[in-house]
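Coordinates in review
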Amino acid sequence: MTKYILRRILYLFLTLFIIASITFFLMKLLPGTPFTNQNRLSPEQLKIVKAQYGLDQPVFIQYIRYIGGLFQGNLGTSFQFNNEPVTQLIGQRLAPSMQIGAQAMIVGTIFGILLGAIAAIRKNTWVDTLATFISILGLSIPSFVLAVLLQFYLAFKWHIYPVALWDNFQSSVLPTLALAALPLGNVARFMRTEMVDVMSSDYIELAKSKGNSNWQVVTKHALRNSLIPVVTIIGPMAVSVMTGSMVVENIFSIPGIGEQFVKSITTNDYPTIMGLTIFYSFLLILVILIVDILYGLIDPRIRLGNGGKE
Amino acid sequence: MEQVPKIPKEKFKLLNKQDNEASESLGTPSLTYLQDVRRRLFSNKVATACLIILGLIVLISIFAPAVAPHNPNAQKVEYSNLPPKLGNLNIPGFNGMQDMGGKEVDAYKQVGAPKGTYYILGTDYLGRDLLSRIIYGTRLSLIVAVLATLVDLLIGIPYGIVSGWKGGRVDTFLQRIVEIVSSIPNLIVVILMMIILKPGLTSIIIAIALTGWVTMARLIRAQTFQLKEQEYVLAARTLGESSTKIASKHLIPNLSSTIIIQTMFTIPNAIFFEAFLSFIGIGIPAPNASLGTLLSDGQKAFRFLPYQMWAPAIILSLIMIATNLLGDGLRDAFDPQSSD
């Protein structure tokens, strides 16, 4: 297991290095510089500004510097946002994104598990149909469509929540709901399939025949055993929640990294785009790695990477 | 013991041989695999309904120039932001009335539109017919989705087959690439590609296809691994069939169900990415509409003109739901064991 984890961590850094290199060279291919539109700069001034950002050096030197900086946790300085270091920008904006992301994951997973479990227990009844319908809606409707609709009804029409604001918990409800739909649908669907399987297994029959109440059978045996595989989809789900949060943050004007990313794209702020790309990738790979390791720890039948032998 | 009465001879009768055969023959003709799939698919009401809905949407998109009542990009500024109106029918929400300062006003009268003028879904801020824009927008979104999926297939299937067929070192190498590509978040690749390429249809398709093929390649590889152990493949190899011929004659037909099912999940994904990109403003450039740009425009104006947001939101959701449900139906139809 340790060997497996170490190998995965090595891959993580290798992947990040490749992503950083690709991003760097792609950004160099872009036409124009962030100073293209600033006509007021005389050629001399432009030269000074370029020297300040190290843009007068050959591309290869810039690349070495950039990668070197990465190892020291330096993602460069933003062109647009008052020359702030990108790391600092990310640091300031991480909290709101993390908050709504985590809330959405928690809400989505918990209600997804409940919905899936109920559907499986009441299999082939109208409850099951309704639950399946809800999970299909959650899976299918894009988070930004849902966000727009929620914003219109719950905020604009009925004034239950603020339209676009970021101060207290109230303001995080709508973005959380918009983002939670996808994990909810995903988990519910997965959970139902797993639980239907488990409910028809021998040990459930045994538990029932021993005279356990339905409630006990479900909570003590069925639920626990169905939960293990659900862990596997948490990684991919976190990825889609982060994706969704980019535009959902925009809709609700939340000062998070997603909103920052979109903003830096529209303003050609290369260092910020690069920094955020690498940061996003890092987060995503890390989440998937943690989930994989967790899964190996929870379920002893699965020891990834060495063919089932420990 | 009771005596068994004697049975008269005439009660016995020689049976016709054919009668016997008839009773043993199967009542229904045996179905081929595809017929069986079709039967299972059409017995699934939800999937059938989705198939019909999608079929209609596709037909409307194909015949957009004939179906759309107006030119989607023609501006008529004097008719801007008109609410939906359906002929002279007085259906609430479709009667051309608009809430202005707490009073219901006939917006069409206000701009002095002649009597016969009406826009079923209203107009946008430049006086463009919203229905026509939605029809053309759907068409554009579907074109992006279908082409991106095709490119997906063109990369993913050969990649997966080669990886699975060759195995060994080639497979390890190809799988490393897959691992790295799949560990970069899709959206980031798509956004980076969109920044570098000029905004437009081709760039979106390239950007989506570049990330989308990975899942297909993985599935195909896993299936190929199983298939190549089969006797008929061994037989073909023993007979000296070339690898390309085995791939096209034996592997791809047997992979077709995987391919079809995965395609049904790739298409909504592509539609989502296109809408997403257009929504944040780096997708389809103006004046062309896609569902994403329409939704984005609608969101900006929804305080006073909510109808501009509804139509694209509903169509986009409808397409996503229908493709997902149809994908489920197809999976159950191709592989009855997957459902319970």
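Rules behind the numbers
- Residues numbered from 1 in each chain as written.
- Chains lettered and ligands numbered in written order.
- Predicted model: local features only at pLDDT ≥ 70, side-chain atom pairs only at ≥ 80, totals over all residues.
- Heavy atoms only, no water.
- Helix = DSSP H or I, 4+ residues; strand = E, 2+ residues; numbered from the N terminus.
- Buried < 20%, exposed > 50% of the residue type's maximum accessible area, 1.4 Å probe, protein only.
- Contact = heavy atoms within 4.5 Å.
- Areas by Shrake-Rupley, 256 points an atom, 1.4 Å probe, with all protein chains shown as cover.
- Buried area = accessible area lost by both parts, 1.4 Å probe.
- Salt bridge = Lys/Arg side-chain N within 4 Å of Asp/Glu carboxyl O.
- Polar contact = N/O pair within 3.5 Å; in protein donor to acceptor, adjacent residues only side chain to side chain.
- Axes fitted to C-alpha atoms, helices over the stretch in contact; angles between N-to-C directions.
- Parallel < 35°, antiparallel > 145°, perpendicular 65-115°, else oblique.
- UniProt positions renumbered as here; feature names shortened; annotations may be inferred.
- Patch = residues over 30% accessible without salt bridge, like charges linked within 9 Å, V, L, I, M, F, W, Y side chains within 5 Å.

Further remarks concern the overall build of chain A. When helices and strands are tallied, chain A shows 12 helices and zero strands. Beginning at the N terminus, the succession of helices and strands in chain A can be written as α-α-α-α-α-α-α-α-α-α-α-α. Here chain A, with 310 residues, has 48% of them falling under the buried criterion. The contacts of chain A with a sequence gap of at least 6 include a subset with a gap of at least 24, amounting to 72%. Summed over its atoms, the accessible surface of chain A is roughly 15500 Å², and 64% of this surface lies on carbon and sulfur atoms.

Moving on to the environment of Ile134(B). Residues and elements named next belong to chain B. Here Ile134 shows up in helix α6 (residues 130-166). Assessed through its relative accessible area of 4%, Ile134 is described here as buried. Separated by 182 residues in the primary sequence, Ile134 and Leu316 place their C-alpha atoms 10.0 Å from one another. Setting aside chain neighbours within four positions, we find Ile134 in contact with Leu121, Leu294, Ala311, Pro312 and Ile315.

As a further point, take the interface of chain B and chain A. With 35 residues of chain B at the interface, the matching set in chain A holds 40 residues. For the pair chain B and chain A, the summed buried area comes to about 3600 Å², and 80% of that belongs to carbon and sulfur atoms. Applying the counting rule to chain B against chain A returns one salt bridge. For Arg189(A), the salt bridge identified is with Asp328(B), shortest N-O distance 2.7 Å. Taken together, chain B and chain A are joined by three residue pairs in polar contact (both at pLDDT 80 or more). Among the secondary structure elements, those contributing two or more residues to the side of chain B that touches chain A are α7 (168-183), α8 (186-196), α11 (243-279), α12 (291-301) and α13 (307-334) of chain B.

With that out of the way, let us pick up the packing of helix α10 (residues 231-238) of chain B against α11(B). The description of two helices packed together rests on the angle between their axes and the distance between the axes. Residue and element names in this part refer to chain B. With their axes 11 Å apart at the nearest point, α10 and α11 run at an angle of 175° to one another. If you check the angle between α10 and α11, you find them roughly antiparallel. Residue-level inspection shows Tyr232, Val233, Ala236 and Arg237 of α10 in contact with α11, the latter providing Ile246, His250 and Asn254.

Below, the discussion takes up the UniProt feature "transmembrane region" (unreviewed entry) in chain B. In the numbering adopted here, UniProt assigns the feature "transmembrane region" (unreviewed entry) to residues 46-68, 140-165, 177-197, 203-220, 259-284 and 304-326 of chain B. Along residues 46-68 of chain B, the helical share is 91% and the strand share 0%, with 29 Å between the first and last C-alpha atoms.

Moving on to the environment of Ser172(A). Examined against the element boundaries, Ser172(A) turns out to sit in helix α7 (residues 170-199). Remark: the alpha-carbon pair of Ser172(A) and Gln99(A), spanning 73 residues in sequence, is separated by 8.2 Å.

Mapping Arg93(A) onto the fold places it in helix α4 (residues 86-121). Residues in contact with Arg93(A), not counting those within four places in the same chain, are Pro255(A), Gly256(A), Ile257(A), Glu259(A), Gln260(A) and Lys263(A).

On to a nonpolar patch on the surface, then. All names here are of chain B. The grouping of Val58, Leu59, Ile60, Ile62, Phe63 and Val67 at the surface amounts to a nonpolar patch, some 510 Å² of accessible area in total. When residues in the nonpolar patch are grouped by element, the largest group, four residues, is from helix α3 (residues 45-62). Inspection of the secondary structure assignment puts Phe63 in the loop between α3 and α4 (64-67).

All names here are of chain A. In total, this model carries eight salt bridges over all chains according to the counting rule given. Two residues, Lys263 and Glu259, come together in a salt bridge whose shortest N-O distance is 3.9 Å. Of the two residues, Lys263 and Glu259 are both situated in helix α11 (residues 257-266); the distance of four residues between them amounts to about one turn of the helix. When salt bridges with common partners are traced through the structure, they connect Arg93, Glu259 and Lys263 into a single cluster.

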